[in-house]
Amino acid sequence: MASVKERTYIMVKPDGVQRNLVGEIIGRFEKRGFKLTALKLVHASPEHLEKHYADLAGKPFFPGLIKYMASGPVVAMVWEGLDAVKTGRVMLGATNPLQSPVGSIRGDFALAVGRNICHGSDSVENAEKEIKLWFPEGTIQYSLAQESMIYE
Ligand code: RTP
């Protein structure tokens, strides 16, 4: 059932950080109406990234993916709101920027599948797993002043 408390894990990848797109990406989620409940800049280890991408172990691009993701800091975030997971994926666009509509993050800022700027959880279940992995310390709870202007 749709919940305004649904959470998704969004991560600006090293290319997004190096290209100064952090503010742009945060701004899009803020303006859409989502609520930020966790945020940190982290230079993740290959071991940590292998856990995050465990489902992809064995894919031919896996070693290159881990190397790229460990090449610099990422911005790890949790965003909360109605259909956060599905809407977050729409805001990101398709995995391959070529198939991403203009107006999406990848459709506006990326050209190559291996440098696609931003990660977003693909299911509520995976979002909760990823949030635990990246924020074992937990997230912050607070209320948004304009919540009644976002939800009926
Ligand atoms: P992400 O997990 O990063 O949000 O991406 P996604 O769900 O859209 O795509 P997924 O299939 O989970 O792949 C994870 C990341 O691996 C890189 N990739 N490279 N070279 C390739 O063919 C290839 N395929 C995937 C991308 O950076 C993708 O986001």
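The rules we used
Residues numbered from 1 in each chain as written. Predicted model: local features only at pLDDT ≥ 70, side-chain atom pairs only at ≥ 80, totals over all residues. Heavy atoms only, no water. UniProt positions renumbered as here; feature names shortened; annotations may be inferred. Helix = DSSP H or I, 4+ residues; strand = E, 2+ residues; numbered from the N terminus. Buried < 20%, exposed > 50% of the residue type's maximum accessible area, 1.4 Å probe, protein only. Pairing = 2+ DSSP bridges. Contact = heavy atoms within 4.5 Å. 1 Å grid on protein atoms, 1.4 Å probe; cavity = no way out; pocket = protein on both sides within 12 Å on 5 of 7 lines; lining within 4 Å. Points joined across faces, edges and corners; volume = space filled by probe spheres on them. Nonpolar A, V, L, I, M, F, W, Y, C, P; charged D, E, K, R; others polar. Near = heavy atom within 4 Å. Polar contact = N/O pair within 3.5 Å; in protein donor to acceptor, adjacent residues only side chain to side chain. Areas by Shrake-Rupley, 256 points an atom, 1.4 Å probe, with all protein chains shown as cover. Sits in = over half its atoms within 2 Å of the grid points.

Participant: Before we move on, can you summarise the UniProt feature "domain: Nucleoside diphosphate kinase-like" (unreviewed entry) in the chain with the specific residues and values?
Facilitator: Mapped onto this numbering, the UniProt entry annotates "domain: Nucleoside diphosphate kinase-like" (unreviewed entry) at residues 5-142. Segment residues 5-142 splits into 41% helix and 17% strand. End C-alpha atoms: 12 Å apart.

Participant: For the pairing of strand β3 (residues 74-80), give the residues involved together with the corresponding values.
Facilitator: Within a regular strand, side chains alternate between the sheet's two faces. With 7 of its 7 residues buried, β3 lies for the most part within the structure. Here β3 shows no split at all, with Val 74, Ala 76, Val 78 and Glu 80 on one side and Val 75, Met 77 and Trp 79 on the other all buried. Here strand β1 (residues 7-12) runs beside β3; their pairing, made up of 6 bridges, is antiparallel. In the sheet register, Arg 7 faces β3, and the bridge partner there is Glu 80.

Participant: Tell me about the UniProt feature "active site" (unreviewed entry) in the chain, residues and numbers included.
Facilitator: Feature annotation in UniProt places "active site" (unreviewed entry) on His 119, given in this structure's numbering. Leaving out residues up to four positions away in the same chain, His 119 has contacts with Tyr 9, Ile 10, Met 11, Lys 13, His 52, Tyr 53, Leu 92, Arg 106 and Glu 130.

Participant: A description of the layout of surface pockets should follow, citing residues and the corresponding values.
Facilitator: Considering only enclosed or pocket space, the largest pocket measures out at about 680 Å³ in volume. Together, 26 residues line the largest pocket, and His 52, Tyr 53, Leu 56, Leu 65 and His 119 are the ones closest to its centre. When contributions to the lining of the largest pocket are tallied by element, the ones reaching two or more residues are α3 (46-52), α4 (62-69), α5 (84-92), β4 (118-120) and α7 (124-134). Among the elements that line the lining of the largest pocket, the one with the most residues is α7, at 4 residues. Here the lining of the largest pocket is built from residues that sort into 9 nonpolar, 8 polar and 9 charged.

Participant: An account of the site of the ligand is needed here, citing residue identities and associated values.
Facilitator: Residues in contact with the ligand, as listed here, are Lys 13, Tyr 53, Leu 56, Phe 61, Leu 65, Arg 89, Thr 95, Arg 106, Val 113, Asn 116, His 119 and Gly 120. His 119 places a side-chain nitrogen or oxygen 2.8 Å from an oxygen atom of the ligand. Within the contact set of the ligand, an oxygen atom lies 3.3 Å away from a backbone nitrogen or oxygen of Gly 120. Computed on the free molecule, the ligand has an accessible area of 560 Å², of which 76% lies beneath the protein chains in the complex. Most atoms of the ligand, that is more than half of them, are within 2 Å of grid points of the largest pocket. Across the shell around the ligand, the residue classes tally to 5 nonpolar, 4 polar and 3 charged.

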